[in-house]
Amino acid sequence: MKSSCSSSSTRAFKFAVLMVLAILLIQCSSVSHGALPFLPKKTTVAVRNDISANTILTIHCKSKDDDLGEQKLSYKQYFSWRFRPNYWDTTVFWCNFWWYDSNGHLVQGGYQVYKSKRDQYECFQQCLRSARPDGLYLNFGPDFRKMYDWPKS
């Protein structure tokens with residue numbers, strides 16, 4: 001039969017080891033170059049307004065943890081952000097888009113612009129998104145493919 005002193009010492013030791021590991025993990029996660037093999041590398045997502053010369057595109061992007069705020073993009077202007085995907089490949093960013101077409105009609109839609117399971121091996125750490133008159137395009141390697149149509153009004 002174990003004494004309560006030795007079992008509380010064992011618990012204290014396990015707790016101390018877990019705390020040291022947690023501190024090391026926190027310190028290592030701030031490594032900016034992703035030098036540690038078990039940490040995902042930082043990813044950049046950039047959304048560009050390729051709709052038309054006189055069109056302002058408004059976007060509002062967020063993830064479960066981060067709200068990047070509303071951004072207004074002129075033609076060929078882009079908004080980008082950088083982050084480290086989580087270890088479980090469940091990181092998702094989505095954006096709401098809205099703009100007015102040449103007839104003054106509001107065009108709007110909300111789409112996943114980054115989904116770790118879809119994008120980590122397709123666009124690697126540079127994920128480019130292009131908002132065009134007919135929909136939202138995502139890069140897969142050097143090529144862009146239309147992934148989403150704008151909703152019909």
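Higher on the page you've got the structure.
Remember, predicted model here, so these are calculated numbers, not experimental data. (Residues numbered from 1 in each chain as written. Predicted model: local features only at pLDDT ≥ 70, side-chain atom pairs only at ≥ 80, totals over all residues. Heavy atoms only, no water.)

A.B. asks: Can you break down the pairing of strand β7 (residues 126-132) residue by residue, with the values?
C.D. replies: When strand β1 (residues 43-49) meets β7, the two strands line up parallel, connected through six bridges. Bridge pairing in β7 links R48 to S130. The sheet contact formed by β7 and strand β8 (residues 135-140) spans four bridges and is antiparallel. Across the sheet, R129 pairs through a bridge with L138, a residue of β8. (Pairing = 2+ DSSP bridges. Helix = DSSP H or I, 4+ residues; strand = E, 2+ residues; numbered from the N terminus.)

A.B. asks: Requested: an account of the packing of aromatic side chains, with residues and values cited.
C.D. replies: Within this structure, the stated rule accounts for 10 aromatic pairs. For the pair W81 and F93, a centre-to-centre distance of 5.5 Å together with 50 degrees between the ring planes defines the contact as tilted. A residue pair is termed long-range when its members are at least 10 positions apart, and W81 in strand β4 (residues 78-83) and F93 in strand β5 (residues 92-100) qualify at 12 residues. By the burial criterion, W81 is buried, and F93 matches it. An aromatic cluster is built from F79, W81, F83, F93 and Y114, whose rings are joined through pairwise contacts. Stacked on the ring of F144, the Lys or Arg R132 has its end atom at 5.3 Å from the ring centre. (Phe/Tyr/Trp six-rings, centres within 6.5 Å; stacked < 30°, edge-to-face > 60°. Buried < 20%, exposed > 50% of the residue type's maximum accessible area, 1.4 Å probe, protein only. Lys NZ or Arg CZ within 6 Å of the ring centre and 35° of its normal.)

A.B. asks: Lay out the nonpolar core with the relevant residues and their values.
C.D. replies: Counting residues in each nonpolar core, the largest one holds 26 residues, and the members touching the most others are L57, I59, W81, F97, V113 and L136. Those elements that place two or more of their residues in this core are β1, β2 (57-63), β4, β5, β6 (106-115), β7 and β8. Ignoring anything within four residues of it in the chain, the contact list for F97 reads V47, L57, T58, I59, V107, Q108, G109, Y111, V113, L136 and W150. (Core = buried A, V, L, I, M, F, W, Y, C linked by side-chain atoms within 4.5 Å. Contact = heavy atoms within 4.5 Å.)

A.B. asks: I'd like a description of the state of the cysteines, backed by residues and values.
C.D. replies: What the rule picks out here adds up to two disulfides. Note that C61 is cross-linked by a disulfide to C95, the S-S spacing being 1.9 Å. Here the S-S torsion is close to 105 degrees, and the disulfide linking C61 with C95 is therefore right-handed. Of this pair, C61 sits in strand β2 while C95 sits in strand β5, and the two are 34 residues apart along the sequence. Assessed through its relative accessible area of 0%, C95 is described here as buried. C123 shares a disulfide with C127; S-S distance 1.9 Å. Here the disulfide of C123 and C127 is right-handed, its torsion about the S-S bond being about 60 degrees. Comparing C123 with C127, the two get one shared label, buried. Counting its disulfide-bonded cysteines in sequence order, the protein chain shows a connectivity of 1-2, 3-4. (Disulfide = S-S within 2.5 Å.)

A.B. asks: How would you explain the sheet that holds β2 if you had to name every residue and give the values?
C.D. replies: Taking strand neighbours across the sheet as the criterion, the four strands line up as β3-β2-β5-β6 in an open arrangement whose pairing is antiparallel. Strand pairing shows two members of the sheet lacking a second neighbour, β3 (67-73) and β6, which therefore form its edges. Averaged over all pairs of adjacent strands, the angle between their axes in this sheet comes to 15 degrees, without regard to strand direction. Of the strand pairs in this sheet, β2 and β5 are connected by six bridges, and their pairing is antiparallel. Of the residues in β5, the one forming a bridge with C61 is C95. (Axes fitted to C-alpha atoms, helices over the stretch in contact; angles between N-to-C directions.)

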